[in-house]
Amino acid sequence: MTPPRRRRVLSRLLAVLLLGVLGFVVFRDVRGAAPAAPAVVTGVIGSEKLAFFADERVREVLRAEGLEVRADPAGSRQIATAVDLGAYDFAFPSSSPAADKLLATHPGVRTYAPFSSPMAVATFAPIVDLLTEAGVVAPGGTTFDVSRYLELAATGTRWDTLPGNTAFPARKDVLLSTTAPCQSNSAAMYLGIASYVANADAVVAGPAATAAVLPAVQPLFRDQGYLPPTTEVLFEDYLSAGMGRVPMALVYEAQYLAEALSSDPVLPPDARLLYPSPTIFSRHTLVPLTPAGERVGELLTSDPRLATLAAEHGFRPTDPRPFAAAFRDRGLPDPPALVDVVEPPSFDTLEGMLTQLGCGP
């Protein structure tokens, strides 16, 4: 092959190669560059939020923002005192006292409280009628009078001794079923409610007040017998075992409402929800441990898509509109606006009461 001909062949090969490169660039630009894999973010959370983080719709929103969130469940008390947080980007306990304890070791961190859930009593229509006759529930209302309930509990009143009781003549004490206070945040919030009432309607603070209320609150847990470790277990018992085993259970409002809002609810036809008076709002508070964890907190607080999904899981977002829309869209009545709400004791005071109840560190 002569040199001129060789040069022509090489020129044509170079032209074909250049066209191939240009074609690839154009094709890539038209299709868009391959998206980067989402960053994996790890968190330790209160177990009642597992269903929310496992919801594929929630995961899709977070992935669209470049995050793949992996969450491990733990009790709020364990998150604040026992969990090794070095492996996590954020901690998300179910109460502000636990979050405050975390802040003691992570000062200066901004916390996020994207949603909350008041404590509530899951029960049944026949039980509501009996509680109404006993003065615990106002006729036709949804308020559970904690002071009147404590009076019944203090005297060891049994269901079968309530006047005119033919609907539930069980030979056991009139007691709210709860979780184990040493493990579960919902039981700690119940401790906060009961101790407030036992302390003459004042938040318990300090060792002296703790010692004064202990005789009134200790039997509320001790006399139940076995206590399940989580509200998930307790609520499943309420749904599956029914009134015979769990006539009334202290749960998060979100658990009951999430079931009511689901596409295939399994609430019994006579299921009812009451609200303790006073009650405590369990404020789910995210404490970021890394910049990636902070990004999760920002999204949960500011993204309207996540607020809507939180409402569908029964939580009350900071913005009340998605919560109201979730019930309106399904033709369900709005849950009541609660006014008799008190604050829980500080983490240290709660720890003092839990220690007196036999909970170790």
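Residues numbered from 1 in each chain as written. Predicted model: local features only at pLDDT ≥ 70, side-chain atom pairs only at ≥ 80, totals over all residues. Heavy atoms only, no water.

The next thing to look at is the overall build of the protein chain. A tally of helices and strands in the protein chain yields 15 helices and 10 strands. Scaling as 2.2 N^0.38, a compact globule of 361 residues should have a C-alpha radius of gyration of about 21 Å, whereas the protein chain reaches 27 Å, well beyond that. Overall, the protein chain is about 115 × 45 × 30 Å in size when its C-alpha atoms are taken along their principal axes. Evaluated residue by residue, the protein chain yields a buried proportion of 48% over its 361 residues. By sequence separation, contacts in the protein chain at least 24 residues apart represent 76% of the contacts at least 6 residues apart. Split by element, the accessible area of the protein chain, about 17100 Å² in all, is 57% carbon and sulfur. In the protein chain, 29 positive and 37 negative side-chain charges are present, and the distance between their average locations comes to 16 Å. (Helix = DSSP H or I, 4+ residues; strand = E, 2+ residues; numbered from the N terminus. Rg over C-alpha atoms; globule rule 2.2 N^0.38 Å. Buried < 20%, exposed > 50% of the residue type's maximum accessible area, 1.4 Å probe, protein only. Contact = heavy atoms within 4.5 Å. Areas by Shrake-Rupley, 256 points an atom, 1.4 Å probe, with all protein chains shown as cover. Lys, Arg positive; Asp, Glu negative; His and termini not counted. Charge placed at Lys NZ, Arg CZ, Asp CG, Glu CD.)

When you line up the elements, Ser 282 lands in strand E8 (residues 279-288). On the basis of relative accessibility, which here comes to 0%, the residue Ser 282 falls in the buried class. Polar side-chain contacts of Ser 282 include one of 2.3 Å to the backbone oxygen of Ser 94. Polar side-chain contacts of Ser 282 include one of 3.4 Å to the side chain of Asn 185. Excluding residues within four positions of it along the chain, Ser 282 makes contact with Ser 94, Ser 95, Ser 116, Ser 117, Pro 118, Met 119, Asn 185 and Tyr 252. (Polar contact = N/O pair within 3.5 Å; in protein donor to acceptor, adjacent residues only side chain to side chain.)

Okay, the packing of helix H7 (residues 146-154) against helix H8 (residues 185-198) next. Two elements in contact, H7 and H8, have axes whose closest approach is 10 Å; the angle formed by their N-to-C orientations is 85°. Looking at the two axes, H7 sits roughly perpendicular to H8. Contacts between H7 and H8 involve Val 146, Ser 147, Tyr 149 and Leu 150 from the first element and Tyr 190, Ile 193, Ala 194, Val 197 and Ala 198 from the second. Tallied by class, the residues present in the contact of H7 with H8 amount to 8 nonpolar, 1 polar and no charged. (Axes fitted to C-alpha atoms, helices over the stretch in contact; angles between N-to-C directions. Parallel < 35°, antiparallel > 145°, perpendicular 65-115°, else oblique. Nonpolar A, V, L, I, M, F, W, Y, C, P; charged D, E, K, R; others polar.)

Take the packing of aromatic side chains next. Given two aromatic rings, one states the distance between the centres and the angle between the planes to describe the pair. A complete count under the given rule lists 12 aromatic pairs for this structure. Chaining the aromatic ring pairs together yields one cluster made of Phe 52, Phe 53, Phe 90, Phe 92, Phe 115 and Phe 315. Sitting over the face of the ring of Phe 92, Lys 49 holds its NZ or CZ atom 4.5 Å from the ring centroid. (Phe/Tyr/Trp six-rings, centres within 6.5 Å; stacked < 30°, edge-to-face > 60°. Lys NZ or Arg CZ within 6 Å of the ring centre and 35° of its normal.)

A word on the nonpolar core. Ranked by internal contacts, the top residues of the largest apolar core, which has 72 residues, are Phe 144, Tyr 149, Trp 159, Leu 220 and Tyr 238. Val 296, Leu 300, Leu 309 and Phe 315 belong to the second-largest nonpolar core, a separate cluster that totals 22 residues. (Core = buried A, V, L, I, M, F, W, Y, C linked by side-chain atoms within 4.5 Å.)

A separate point is the pattern of salt bridges. This model, assessed by the stated rule, comprises 20 salt bridges. Salt-bridge contacts for Glu 68 lead to Arg 63; the nearest nitrogen and oxygen are separated by 2.9 Å. Put simply, Arg 295 and Glu 65 hold a salt bridge, and the shortest N to O gap is 3.1 Å. Here Glu 65 lies in the loop between helix H3 (56-64) and strand E2 (67-73) and Arg 295 lies in helix H12 (residues 291-302), a separation of 230 residues in the sequence. Judged by relative accessible area, which is 31%, Glu 65 ranks as partly exposed. Each of the salt bridges in this network shares a partner with another, and the network as a whole consists of Glu 65, Arg 295, Glu 298, Asp 303 and Arg 305. (Salt bridge = Lys/Arg side-chain N within 4 Å of Asp/Glu carboxyl O.)

Before going further, it helps to examine the state of the cysteines. Under the defined criterion, the tally for this structure stands at 1 disulfide. The side chain of Cys 182 participates in a disulfide bridge whose partner is Cys 359; the two sulfur atoms lie 1.8 Å from each other. What sets the handedness of the Cys 182 and Cys 359 disulfide is the S-S torsion sign, and at about -85° it is left-handed. With a gap of 177 residues between them, Cys 182 in the loop between H7 and H8 and Cys 359 in the segment after helix H15 (347-356) connect regions that are remote in the sequence. (Disulfide = S-S within 2.5 Å.)

Further remarks concern the side chain of Ser 186. Tracing the backbone through its elements, the reader meets Ser 186 in helix H8. Look at Ser 186 and you get buried, because its relative accessible area is 1%. One polar contact links Ser 186 to Ser 184, side chain to side chain, over a distance of 3.0 Å. Leaving out residues up to four positions away in the same chain, Ser 186 has contacts with Met 119, Thr 179, Thr 231, Leu 250 and Tyr 252.

This is a description of form; function is not addressed.
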